[in-house]
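A closer look at the structure
What follows is each chain in one-letter form.
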Amino acid sequence: RGPSRGQAALLAGDPETGGSLQRRVLEREAGAVGAEPPPLPTRPDDTAGSLSERLAEEAGALLARSLPLLLGGARRPAALARINRERALASASAH
């Protein structure tokens, strides 16, 4: 859904939305997905602004988890996605 994923989800009445960390390529939405957090539920009282804020928080957390892996040499999107999934599951089970 491009850069307006939150607004598109609200307009469509989607129950959840989210984002991903993708490898940049020339075509839009065509890069390999390197990391993807769990879907973010939309709320009945969400506005474009409130949902954008929550998506930005999720994006920051995803980048914080992924950047050390990328800097450490995890270049293949599949490997990065697997490591991020494992860390997210470990973090969720710890809470």
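Residues numbered from 1 in each chain as written. Predicted model: local features only at pLDDT ≥ 70, side-chain atom pairs only at ≥ 80, totals over all residues. Heavy atoms only, no water.

Describing the pattern of salt bridges
The test is simple: Salt bridges are defined as contacts in which a side-chain nitrogen from Lys or Arg sits within 4 Å of a carboxyl oxygen from Asp or Glu. Note on exposure labels: buried denotes an accessible area under 20% of the residue type's maximum, exposed denotes more than 50%, and partly exposed covers the range between, all computed with a 1.4 Å probe on protein chains only.
According to the stated counting rule, one finds one salt bridge in the structure shown. Where Arg54 meets Asp46, a salt bridge forms, and the shortest distance between an N and an O atom there is 2.5 Å. Take Arg54: its relative accessible area is 13%, and that puts it in the buried class.

Looking at the environment of Ser52
What counts here: Think of it this way: any DSSP run of H or I at least four residues long counts as a helix, any run of E at least two long counts as a strand, and we number them from the N terminus. We call two N or O atoms a polar contact when they sit within 3.5 Å, provided that within protein one can donate a hydrogen and the other can accept it, with sequence-adjacent residues counted only if both atoms are side-chain atoms.
One can find Ser52 in helix α2 (residues 48-71). Remark: the alpha-carbon pair of Ser52 and Ser4, spanning 48 residues in sequence, is separated by 8.9 Å. A polar contact is formed between the side chain of Ser52 and the backbone oxygen of Ala48, at a distance of 2.7 Å.

Considerations on the packing of helix α1 (residues 5-12) against α2
The axes of two packed helices give the description: the angle between them and the distance between them. Spelled out, the test is: The axes used here are C-alpha line fits, helices contributing only the stretch in contact, and every angle between their N-to-C directions lies in the interval 0 to 180 degrees. Angles are sorted into four bins: roughly parallel if under 35 degrees, roughly antiparallel if over 145, roughly perpendicular if 65 to 115, and oblique for all others. If you view the pair so one helix is near and one far, a crossing is left-handed when the near helix is turned anticlockwise from the far one by less than a right angle, and right-handed when it is turned clockwise. Any two residues having at least one pair of non-hydrogen atoms within 4.5 Å are treated as being in contact. Each residue gets one of three labels, nonpolar for Ala, Val, Leu, Ile, Met, Phe, Trp, Tyr, Cys and Pro, charged for Asp, Glu, Lys and Arg, and polar for the others, Gly among them.
Contact geometry for α1 and α2: axes closest at 9 Å, N-to-C directions at 130°. It follows from the interaxial angle that α1 and α2 lie oblique. The interaxial crossing formed by α1 with α2 has right-handed handedness. In contact with Arg5, Gly6, Gln7 and Leu10 of α1, α2 contributes Ala48, Leu51, Ser52 and Leu55. For the contact of α1 with α2, the residue count by class is four nonpolar, three polar and one charged.

Considering a nonpolar patch on the surface
To be explicit about the condition: What makes a patch is a set of residues exposed beyond 30% relative accessible area and free of salt bridges, joined within 9 Å when like-charged and within 5 Å when nonpolar (Val, Leu, Ile, Met, Phe, Trp, Tyr). Using a 1.4 Å probe, accessible areas were evaluated by the Shrake-Rupley method; residue-level cover was limited to the displayed protein chains.
Taken together, Leu63, Leu67 and Leu71 make up a surface patch of nonpolar side chains, about 300 Å² in accessible area. Among the secondary structure elements, Leu67 is positioned in helix α2.

Regarding α2
Under the convention used in this document: Expected helix span is taken as 1.5 Å per residue step, with the number of steps being one fewer than the number of residues. The angle separating two fitted axes, one through the seven residues that finish at a residue and one through the seven that start at it, defines the bend at that residue.
End to end, α2 covers 33 Å across 24 residues, agreeing with the expected 34 Å (1.5 Å per residue, within 8%). Of all the bends in α2, the greatest reaches close to 25° and is centred on Arg65; the proline Pro68 follows between one and four positions later. Within α2, the full set of buried residues consists of Leu51, Arg54, Leu55, Leu62, Ser66 and Leu69.

Remarks on the side chain of Thr17
Structurally, Thr17 is set in strand β1 (residues 16-17). Given a relative accessible area of 9%, Thr17 falls into the buried group. When residues no more than four places from it in sequence are discounted, the contact partners of Thr17 are Arg5, Gly6, Ala9, Pro39, Leu40, Thr42, Leu51 and Leu55.

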